[in-house]
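An overview of the molecular structure
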Amino acid sequence: MAASEPEPAALVTGGALARAPWALILVIAALGVALRAALLALALPIEIQSDEANYLYLALGLERFGIYFDQHRYLWPPGYAWLLHCVIGDGSDADLTTFRAIQVAASSAIGITTMLFAWRLFSSRAAAVAGLLWSVHLPLAAFTHLLWSETVFLALFLPALWHVLAALDRSAEGDERRAATRLLVAGLLLGGALHLKEAPLFLMVPLALLLAWRARPMGPAATLRLATLLPLAALVTLLPWTARNHEVYGRVALSGSTLGENVYQGLNAHYVNFDMVPLARERGRRGLQPLAEIERRAFTAPPTAENGAPDPGWVRAATTFHPIERQSENLRRGIEWSVDHPGWLARTRLKKWSDLVTPFSFFVRHQALGHYAPESGLGGALRRPLVIWSLLSSVIVLLGAALGGALSVGAGHGRALLAVTIGYVFSAALLVSMSRFRVPIEPLLIVLCAGFLTHGVAHRSIPRFLFGGAAVIALGALWWISWPETRAAAAMALEVTR
């Protein structure tokens, strides 16, 4: 870190937030938004597929009938479909382009907060590097022109984490009032994010525990108030939706109700990675070697049944009509089956983590499936260099984050918050995993990568070096597990099919 620059721990305390390099941050954020706007222009026309069609179906149901349908196997939070229905009208291409442009604009909040995290944990130079990485990181940027909820979700979720970090700093100063203000804002933002994706629902628990731990010098009463404010504020924003679910289903569902179906997909004999499911079908259509013959079967093969044949697994609870009760029944069946197959559980969980940290992405998957039209900019001459850059940028960010987390970031509130959040995502990935499930922490990985690229080995100690070496070896091992299908999928995207 430059000698003239204050230590990161002092940057957001004592009113120093105004000293953030705002001009630099806003200029780089504008650059990132402009690049995403260019991506949108190059992507059109683009096909609707998979969950995008489901979101549009839900939005049109709200538009035409004023009814939010459940999804039979899932109950999704209503936020993204509601936003779509506010914009798309009759679902014309022009309306969909308008909505995508709104997502491009919303991504500015992600870029700004990514740079603020890098500035807070490292320096202004790291903030600039993080902003540039965010600007050109295709696996994240591509979601602005796709109709998945990731961009709008991150535009709420990442600022929520930023305000949690600011609250941790204020509580360390003993300023309960300002810490509480930050937590109130964080809780409202997190509640808004939970209206879009259910994923961070249980993250409130470790965040509350972290807040309690950091606030304990302020006394038991203040500690209790600060630890409970974040989840209470988030739950207040969820109350109308929760009340609706109780009225319709007679059950409490705070955000979505998807756990049971995820258990069916993630704790069952047939291994599923939804990055690869449509690619497997496409390879069959093209007459290519099936992915099942390419993957490392030691990590995906089902256990053996008593008769020596592959265990068929368990059947989802299709006879239970109630969508929330069906989730509970699937959860029970999945846990029972997993307890009976501990060896299978262990080896397939390694594959889940491999699927989480793969350099593959939805951008590359769309290219492999041909969803970018040949006449579009992304499906034409730019296709191959952009596919290569998408894969390479993921490798850079993941490897840099592993080294930055071990060797660059200092101790303190920021490191603890990132560790809790990243650890939560890795824990959730033990159930069901794919490249898209890494998106909630992708900006934080960019922050750590920027810290390493900017400051290198800032903390020299044997434990740090051991941890860094172990992280790099683990990342390489996880990449090796999924390398055969990653290579095959990348070849499809590049049209190198032989």
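Scroll up to find the structure this text is about.
In what follows, the accompanying structure is described. These numbers were taken from a predicted model, which means no experiment stands behind them. All residue numbers here refer to positions counted from 1 along the written sequence of the relevant chain. Note on the predicted model: pLDDT of at least 70 is required for a residue's local features to be given, and 80 or more for side-chain atom pairs to be given and counted; whole-chain, interface and lining totals, by contrast, use all residues. Only hydrogens and water are set aside; all other atoms, that is, all heavy atoms of the structure, feed into the side-chain values.

**What to know about the pattern of salt bridges**
We count a salt bridge whenever a side-chain nitrogen from Lys or Arg sits within 4 Å of a carboxyl oxygen from Asp or Glu. Enumeration over the complete set of coordinates arrives at 19 salt bridges. A salt bridge links Glu-150 to Lys-197, with the nearest nitrogen and oxygen atoms 3.0 Å apart. Of this pair, Glu-150 sits in helix 7 (residues 150–172) while Lys-197 sits in the loop between helix 8 (176–194) and helix 9 (204–215); the two residues are 47 residues apart in sequence, bridging distant segments of the chain. Glu-150 sits in the buried class, given a relative accessible area of 2%. Partly exposed describes any residue whose relative accessible area lies between the buried limit of under 20% and the exposed limit of over 50%, with all areas from a 1.4 Å probe on protein chains only and scaled to the type maximum. Assessed through its relative accessible area of 14%, Lys-197 is described here as buried. Residue Arg-297 pairs with Glu-295 through a salt bridge whose shortest N-O separation is 3.0 Å. Overall, the relative accessible area of 39% leaves Arg-297 in the partly exposed class. The network of salt bridges with shared partners includes Asp-51, Glu-150, Lys-197 and Arg-436. Secondary structure elements follow DSSP: runs of H or I no shorter than four residues count as helices, runs of E no shorter than two count as strands, and numbering proceeds from the N terminus.

**Quick word on the packing of aromatic side chains**
Each pair of aromatic rings taken from Phe, Tyr and Trp, with Trp reduced to its six-membered ring, is defined by centres within 6.5 Å and is described as stacked if the planes are under 30 degrees apart, edge-to-face if over 60, and tilted in the remaining cases. Here the structure, examined in full by the defined rule, presents 16 aromatic pairs. With centroids separated by 5.3 Å and ring planes inclined at 85 degrees, the aromatic side chains of Tyr-264 and Trp-314 adopt a geometry described as edge-to-face. Of this pair, Tyr-264 sits in helix 11 (residues 259–266) while Trp-314 sits in the loop between helix 12 (277–286) and helix 13 (323–339), and the two are 50 residues apart along the sequence. The buried category is assigned to Trp-314, whose relative accessible area is 9%. Ring geometry for Phe-363 and Tyr-372: centres 5.6 Å apart, planes at 50 degrees, overall tilted. Given a relative accessible area of 1%, Phe-363 falls into the buried group. Under the relative-accessibility criterion, Tyr-372 is labelled buried at 3%. Every member of this aromatic cluster is reached through a ring pair, and the members are Tyr-55, Tyr-74, Trp-76, Tyr-80 and Phe-99. Working rule: Lys NZ or Arg CZ, within 6 Å of ring centre, within 35 degrees of ring normal, means a charge sits over the ring. The residue whose ring lies beneath Arg-296 is Trp-480, and the NZ or CZ to ring-centre distance is 3.9 Å.

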